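The residues making up each chain are set out below.
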Amino acid sequence: MQFIDSHAHLDMQPLVNSLPDVMYRAAANQVGQVMTIGVDLPSSLNALRIASDWPQVFCAVGIHPHDASQISSFEWLEDQLNLIRLQDVLCKIKAIGETGLDFAKEYSPREAQFHAFRWHLELALKWSLPVVVHDRDAHEQTLDVLAEYAGKGLTGVLHCFSGDTDTARRVLDMGFYLSVSGVVTFAKADVLREAVRFAPIDRLLIETDCPFLAPVPYRGKTNEPGYVKYVAEEIARLKCLTLEEVASCTTQNAQALFALPSL
Ligand SMILES: [Zn+2]
Ligand SMILES: [Zn+2]
């Protein structure tokens, strides 16, 4: 039985300071592969460096909606990410992201977030890569933008999915995956749990979003890839599946989406 943590930030503190320990505990907890996700240019480069150092780590490159106002044009984004891609001799970049819309914090103006999101999606299409989408308090707008591109062959995942069953249905209808984080173990997450019950297991990924969002029983502590099994356990409980079935399906899904090598 092997899990894939489909969304981690291994370049962030405090994980980056003790990566050998973090990766050792991940392996001890049957985490076979990890996708580490860039949130800005330095972080995307660091994500690639970590992925290059660790055979079981792959990465996504992009600029988080929080920093959307850094991006002046599609050409600027492509040039900057291309500089990182030129260093990817081991072909470890498996996705574009994270990108999307965050209206909860709104660190960048909404207008800038919409532009940045669309430019990332265009680049994902151009480079034939899936996209890792961040959607916080912006379900309608995120899905409206994705719908423009889904018809053109874009694939991807809504990471740390936080919508209800209707939102999940729209995401699935567009051919996108849903990624479930430790939030599904939180007491107040009944709406999310209902959506997870609704979504077919062959469309779900699991993630930690570490170092954030540690699942129960580690809520409030530093999260790490080794804790992704608590997400899988909750999905197994909700969908009346065995942990082995959840591990095998979510692993297959992540490998199919990100074109990861088999374990
Ligand atoms: Zn995110
Ligand atoms: Zn993230």
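Report on the accompanying structure. Remember, it's a predicted structure, so these values are computed and weren't measured experimentally.

### Points about the overall build of the chain
Helices and strands together make up the secondary structure of the chain, namely nine helices and eight strands. In terms of C-alpha radius of gyration, the chain reaches 17 Å, essentially the compact-globule figure of 18 Å for 263 residues. On the principal axes, the C-alpha backbone points of the chain span a range of 45 × 40 × 30 Å.

### Describing the pairing of strand E6 (residues 156-159)
The alternating pattern of E6 places Gly 156 and Leu 158 and Val 157 and His 159 on opposite faces, both of which are buried. Sheet analysis places strand E5 (residues 131-136) next to E6, joined by four bridges and oriented parallel. When the bridges of E6 are listed, Val 131 appears paired with Gly 156. The handedness of the E5 to E6 crossover, carried by helix H5 (residues 139-150), is right-handed. Direction of pairing for E6 relative to strand E7 (residues 177-180): parallel, over a ladder of two bridges. Looking across to E7, one finds that Leu 158 is bridged to Leu 178. For the handedness criterion, the β-α-β arrangement of E6, helix H6 (residues 165-173) and E7 is classed as right-handed.

### Looking at the sheet that holds strand E3 (residues 57-61)
Across the sheet, eight strands lie side by side as E1-E2-E3-E4-E5-E6-E7-E8; this open sheet has parallel pairing. A strand with exactly one partner marks an edge of an open sheet, and here the two such strands are strand E1 (3-8) and strand E8 (204-206). For this sheet the average axis-to-axis angle between neighbouring strands, irrespective of direction, equals 30 degrees. Two strands pair when backbone bridges link them, and E1 and strand E2 (residues 31-37) are joined in this way by four bridges, in the parallel orientation. Each bridged residue has a counterpart across the sheet, and for Ile 4 the counterpart in E2 is Gln 33.

### So, helix H7 (residues 190-198)
Along H7, the positions that sit buried rather than exposed are Leu 192, Ala 195 and Val 196. Along H7, the residues classed as buried sweep out an arc of 100 degrees about the axis, all on the same side. Summarising the contacts, the buried residues of H7 are in contact with H6, E7 and helix H8 (228-239).

### A word on the environment of Ser 6
As for its placement among the helices and strands, Ser 6 is situated in strand E1. The buried category is assigned to Ser 6, around which 33 C-beta atoms lie within 10 Å. Along the primary structure Ser 6 and Gly 62 are separated by 56 residues, whereas in three dimensions their C-alpha atoms are 15 Å apart. Look past the residues within four positions of Ser 6 in its chain and what remains in contact with it is Met 35, Val 157, Ser 179, Leu 205, Ile 206, Glu 207 and Ala 254.

### A short note on the packing of H8 against helix H9 (residues 243-258)
Relative orientation of the contacting elements H8 and H9 amounts to 115 degrees, with a least axis distance of 8 Å. With respect to H9, the element H8 is oriented roughly perpendicular. Here H8 and H9 pass one another in a crossing that is right-handed. Taken together, the residues of H9 that come into contact with H8 (itself represented by Ala 232, Glu 233, Ile 235 and Ala 236) are Leu 243, Val 246, Ala 247 and Thr 250.

### Let's talk about H6
For H6, the complete set of buried residues consists of Thr 167, Ala 168 and Val 171. Along the long axis of H6, the arc covered by the buried residues comes to 100 degrees, so they all point the same way. Opposite the buried face of H6, at more than 90 degrees from it, the exposed residues are Asp 166 and Asp 173. Where H6 is buried, its residues touch H5, E6, E7 and H7. Gly 175 sits one or two positions beyond H6 and adopts a positive phi of about 85 degrees.

### Considerations on the nonpolar core
Grouped together as the largest cluster of nonpolar side chains are 82 residues, with contacts concentrated most on Cys 59, Val 61, Leu 178 and Val 180. Contacts of Cys 59, omitting those with residues within four sequence positions, involve Met 35, Thr 36, Gly 38, Ala 47, Leu 48, Ala 51, Lys 92, Ile 93 and Lys 94.

About the cut-offs
Each residue is numbered by its place in its chain's sequence as written, counting from 1. Each chain gets a letter, beginning with A, and each ligand a number, beginning with 1, in the order they are written. It should be noted that, the model being predicted, local features are given only for residues of pLDDT at least 70 and side-chain atom pairs only at 80 or more, the latter also being counted only at that level, while totals for whole chains, interfaces and linings use all residues. Here a strand is any run of E in DSSP of at least two residues, a helix any run of H or I of at least four, and the numbering for each starts at the N terminus. Throughout, the radius of gyration refers to the C-alpha atoms, and the reference size of a globule is 2.2 Å times the residue count to the power 0.38. Think of it as a crowd count around each C-beta: if 20 or more other C-beta atoms lie within 10 Å the residue is buried, if 12 or fewer it is exposed, and in between it is partly exposed, with C-beta placed from the backbone throughout. For two strands to be treated as a pair, DSSP must find at least two bridges joining them. By convention, a crossover is right-handed whenever its connection, traced from the first strand over the helix to the second and viewed with the strands pointing away, goes clockwise. Angles run from 0 to 180 degrees between N-to-C directions of axes, and those axes are lines fitted to C-alpha atoms, restricted for helices to the stretch in contact. In this context, the arc is that of the directions from the helix axis out to the C-beta atoms. Distance between backbone-placed C-beta atoms decides contact: two residues are in contact if it is within 7 Å. In this scheme, roughly parallel covers angles under 35 degrees and roughly antiparallel covers those over 145, while 65 to 115 is roughly perpendicular and the rest are oblique. Note on convention: near helix rotated counterclockwise from far helix by under a right angle means a left-handed crossing. Clockwise means right-handed. Linking buried Ala, Val, Leu, Ile, Met, Phe, Trp, Tyr and Cys residues through C-beta atoms within 7 Å yields a set, and such a set is a nonpolar core.

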